[in-house]
Amino acid sequence: MLGVRRIGLVVALAVIGLVPATASHAAGQVWTESSAPATTQDQKFLQSIHQVDLAEVVMGDMAANKGENQQVKELGKQLAMDHKQLDEKVTSTASKVQVTLPDQPTPDQQAMADQLNQVSGAEFDRQWVTAELEGHVQAIQMVQTEISLGSDREVTQLAQDALPTLQAHYDALVNLAQSMGVAVPQAGSSATPGGGTSSTPGGGMTTTPAGEATTTPDDEMTTTPGG
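Procedures and definitions
- Residues numbered from 1 in each chain as written.
- Predicted model: local features only at pLDDT ≥ 70, side-chain atom pairs only at ≥ 80, totals over all residues.
- Heavy atoms only, no water.
- Axes fitted to C-alpha atoms, helices over the stretch in contact; angles between N-to-C directions.
- Helix = DSSP H or I, 4+ residues; strand = E, 2+ residues; numbered from the N terminus.
- Parallel < 35°, antiparallel > 145°, perpendicular 65-115°, else oblique.
- Contact = heavy atoms within 4.5 Å.
- Nonpolar A, V, L, I, M, F, W, Y, C, P; charged D, E, K, R; others polar.
- Left-handed = near helix turned anticlockwise from the far one by under 90°.
- Core = buried A, V, L, I, M, F, W, Y, C linked by side-chain atoms within 4.5 Å.
- Buried < 20%, exposed > 50% of the residue type's maximum accessible area, 1.4 Å probe, protein only.

Caption draft 1: The packing of helix α2 (residues 40-66) against helix α4 (residues 107-117), seen in detail. Taken N-terminus to C-terminus, the directions of α2 and α4 make an angle of 5 degrees; their axes are 10 Å apart at the nearest point. On the basis of the axis angle, α2 is roughly parallel to α4. Residue-level inspection shows Gln51, Val52, Ala55, Val58, Met59, Met62 and Lys66 of α2 in contact with α4, the latter providing Gln109, Met112, Ala113, Leu116 and Asn117. Residue classes in the contact of α2 with α4 are distributed as 8 nonpolar, 3 polar and 1 charged.

The following block contains the structure:
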């Protein structure tokens, strides 16, 4: 009888001991997943969208100060504000997944800003709208690629949260371009990031990645004049 009681006590202690051990293990798993280094796709997305934000703040402020068209000035101010807010989330997420962000836009983005600094008046307005249209098509493609191919839940959620804002920017730019008589890039010639690897709104022209075309602004672009 004593032997049975001792066995029961041992089993009870073993069961009790399993509870904190299991909880501790689960907590360790959560910590590891939330702070694990990002995959290559997630890393490239965070770095690229951060550079987009940096460039958009500069170009938005430029439009607010240099624009001749009042709508250009107002939209530039809105874009700068929205991208500042977006970038706060980008930097916070990058810190969590251990991604080091660049401290300035890409060379192509800086070259575009330099180009816009060389013009003024109506010519500035036209070039600014064109550059912003192409940049936002790229940014939208970049976000959609992350949503499709990203691995980290927080990073893909960031992309999903950013998409409506970027789409609203693009729609506003299309409307503004039409009112100004500025050509809107067509589906086959817009600047889009191939496979999510492009990081520059001012970069080269590539085609829309397969599987993403139905959700890109290309559908709207095919119904707009110009290009």
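Read on, since the account is not over.
Caption draft 2: Structural detail: the packing of α2 against helix α3 (residues 70-96). One can describe the packing of α2 onto α3 by two numbers: an axis separation of 7 Å at closest approach and a directional angle of 155 degrees. One way to sum up the angle between α2 and α3 is to call them roughly antiparallel. Between α2 and α3 the crossing geometry is left-handed. The residue makeup of the contact of α2 with α3, split by class, is 13 nonpolar, 7 polar and 7 charged.

Caption draft 3: Spotlight on the nonpolar core. Grouped together as the largest cluster of nonpolar side chains are 41 residues, with contacts concentrated most on Phe45, Leu46, Trp128, Val129 and Leu133. Leu133 has contacts with Tyr170, Leu173, Val174, Ala177, Ala183, Val184 and Pro185, leaving out every residue within four places of it along the chain.

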